[in-house]
Amino acid sequence: MKKTLLLLAAGLMSAALTAQITLPKTWDFANDTTNWPLNSGTGVADKTIDQLGLFSKADGSIVNFGAITATAYTFSDGYSGPNRLQLNGAGYSSGSFSTTPTQRYLYFDVAGPADVKIWFRSGSNSSARTVFITDGTNILGQATTDTAGTGVIFTGSKTSTGTQRLYVYGDAACNLYKMTVTGSSLGVNTANQNSMKVFASGNLVHINNVKSDASASVYTMNGALVKSVSSKSDFAFDLNPGMYIVNVKSAKGTVSQKVIVK
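Scope of this entry: the structure provided in the associated data block. Treat the numbers as computed from the prediction; the structure is a model and nothing was measured.

Of the consecutive residues Leu23 and Pro24, the connecting peptide bond is found in the cis state with omega at -5°. Among the structural elements, Pro24 can be located in the segment before β1 (25–27). Within the chain, Asp50 stands out as a residue other than glycine whose phi angle is a positive 50°. Note that Asp50 resides in the loop between β2 (46–49) and β3 (52–55). According to the relative accessible area criterion, Asp50 is partly exposed, its value standing at 24%. One non-glycine residue with positive phi stands out, namely Arg104, at about 45°. Following the sequence through the fold, Arg104 ends up in the loop between β5 (80–87) and β6 (105–111).

Formed by 30 residues in total, the largest nonpolar core has its most connected members in Trp27, Phe29, Leu106, Phe108, Ile118, Leu176 and Met179. In contact with Met179, not counting residues within four places along its chain, are Lys25, Thr26, Trp27, Phe29, Leu52, Leu106, Phe108, Val116, Lys117, Ile118, Trp119 and Val168. Counting residues in hydrophobic clusters, the runner-up holds 18 residues, among them Val198, Phe237, Val246 and Val255.

Strand order in the open sheet formed by six strands is β2-β3-β6-β11-β8-β9, and the pairing between neighbours is antiparallel. Looking at which strands have only one partner, the edges of the open sheet turn out to be β2 and β9 (139–144). The average angle at which neighbouring strand axes cross in this sheet is 20°, direction not considered. Here β2 pairs with β3 via four bridges, running antiparallel. Bridged to Lys47 within β3 is Leu54.

Within this structure, the stated rule accounts for 17 aromatic pairs. Measuring from centroid to centroid gives 5.4 Å for Trp27 and Phe108, while their planes differ by 45°, and the two rings are tilted. Highlighted residues: Trp27 in strand β1 and Phe108 in strand β6, separated in sequence by 81 residues. Phe108 matches Trp27 in its accessibility class, with the two residues each being buried. When the centroid spacing of 6.2 Å and the interplanar angle of 50° are considered together, the rings of Tyr73 and Tyr177 count as tilted. You can see Tyr73 sitting in strand β4 (residues 66–74) and its partner Tyr177 sitting in strand β12 (residues 174–183), a full 104 residues away along the chain. One aromatic cluster is present, built from ring pairs that chain together Tyr73, Phe75, Tyr79, Trp119 and Tyr177. We note Lys178 situated over the ring of Trp119; from NZ or CZ to the ring centre the distance is 4.6 Å.

Reading the values: rules and limits
- Residues numbered from 1 in each chain as written.
- Predicted model: local features only at pLDDT ≥ 70, side-chain atom pairs only at ≥ 80, totals over all residues.
- Heavy atoms only, no water.
- Helix = DSSP H or I, 4+ residues; strand = E, 2+ residues; numbered from the N terminus.
- Buried < 20%, exposed > 50% of the residue type's maximum accessible area, 1.4 Å probe, protein only.
- Core = buried A, V, L, I, M, F, W, Y, C linked by side-chain atoms within 4.5 Å.
- Contact = heavy atoms within 4.5 Å.
- Pairing = 2+ DSSP bridges.
- Axes fitted to C-alpha atoms, helices over the stretch in contact; angles between N-to-C directions.
- Phe/Tyr/Trp six-rings, centres within 6.5 Å; stacked < 30°, edge-to-face > 60°.
- Lys NZ or Arg CZ within 6 Å of the ring centre and 35° of its normal.

Everything listed is a geometric property; what it means functionally is a separate question.
Here's what the structure looks like:
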């Protein structure tokens, strides 16, 4: 089947999405052929489809942002569809992970606390892939497929009350099937009262103020998972010297923190 790429030429961020989305919001790439038809294309660097921004690269050097193609899949929760939105590369260049993507990313503006849920698969038959949800500074959620490309469902949470731009992108080519955004009851005041503290001291990373079951995932700045730890109380673990992103999830919410281990 011939693929018409979502071609993105040179453009400026002045054309970017400025209005916040209305919640709840669903983008069903796999089944909504009205907004996301097979072989859909665009000829600008920054385009909005159904309140969702699609950005390639402002200088026009990327012309293979992605395409809607036919590849059916059924996820573990029963959700299924015949199509997918292919993102044909990473949201950052030169293998250097950044919480503010610079290329091949989706984005939208949302007011108040919100939960972003994503259904995705690897864009490779033999490689694990990671998809990130960020606010440009912090990782709000992320998940990694297995090497077989099994479908993954995960959620990232925005806890602030103000309006903020959120970004979705991968560490390499990935296939997005569905994305939903719903209002969250976890407001900024609740988050501040119960937030876990993540910090490094020497070669140890400490997770304090743990009030319920918590799981910590540690990633390199390239997005590679290096350690996973779970606990019901305050805990610490050692790491080799370097810079990492620690993502801690519990019933109280998600905390992402960049740490430097010496």
